[in-house]
Amino acid sequence: MSATPQPDWEDLYSQARAVARNAYAPYSRYHVGAAGLVDDGRIVVGCNVENASYGLTLCAECSMVCAMHSGGGGRLLAVAVVGGFDVDDLKMGKPCGRCRQLLFEAGGAGLPVNEHHTLAEILPDAFGPDELR
Ligand code: THU
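Described below are features of the structure shown in this document.

Rules used in this analysis
- Residues numbered from 1 in each chain as written.
- Predicted model: local features only at pLDDT ≥ 70, side-chain atom pairs only at ≥ 80, totals over all residues.
- Heavy atoms only, no water.
- Near = heavy atom within 4 Å.
- Polar contact = N/O pair within 3.5 Å; in protein donor to acceptor, adjacent residues only side chain to side chain.
- Areas by Shrake-Rupley, 256 points an atom, 1.4 Å probe, with all protein chains shown as cover.
- Patch = residues over 30% accessible without salt bridge, like charges linked within 9 Å, V, L, I, M, F, W, Y side chains within 5 Å.
- Salt bridge = Lys/Arg side-chain N within 4 Å of Asp/Glu carboxyl O.
- Helix = DSSP H or I, 4+ residues; strand = E, 2+ residues; numbered from the N terminus.
- Buried < 20%, exposed > 50% of the residue type's maximum accessible area, 1.4 Å probe, protein only.

The next point concerns the site of the ligand. Near the ligand the following residues occur: S28, Y30, V32, N48, E50, T57, C59, A60, E61, K94, P95 and C96. Contacts to the ligand include N48, whose side-chain N or O atom sits 2.9 Å from an oxygen atom. C96 is positioned such that a nitrogen or oxygen atom in its backbone is 2.7 Å from an oxygen atom of the ligand. A total of 370 Å² of accessible area belongs to the ligand in isolation, and the protein chains cover 77% of it.

On to a nonpolar patch on the surface. A contiguous nonpolar patch, built from Y24, Y27, V49, Y54 and L58 and spanning about 500 Å² of accessible area, is present on the exposed surface. With respect to the helices, strands and loops of the structure, V49 is situated in the loop between β2 (43–47) and α2 (60–70). The partly exposed category is assigned to V49, whose relative accessible area is 32%.

Shown next as structure tokens:
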């Protein structure tokens, strides 16, 4: 049995910053990058992908969760999110409400987001899979 992977936060922020450069954000010009540690040790990343219809925009966290499942599934153990207009000066990102819900499904209440918060703190009393069992 292998040990639970531990997050290397500097590496997660670095990968989040790197993927944020790939954001397709011609409308808002706001770049977001997300990087997550999966329980099998993989690092998955995602960037925001905007759309001319605006409302169909995919957030970076959404892209990252899709990458996790597309790459074989698993559970998120830690997530770093960065965002900003200047890709050379990205700040810590705040996941939007919909993304908090997606992260809850993929990592649960204890999921650390940007090192200093857990999902339970930023999405208290969440509706989740347990309600449907
Ligand atoms: N965005 C994300 O990628 N994640 C969030 O949690 C918040 C917002 C993106 C969507 C849009 O492309 C841009 O940031 C401005 O809202």
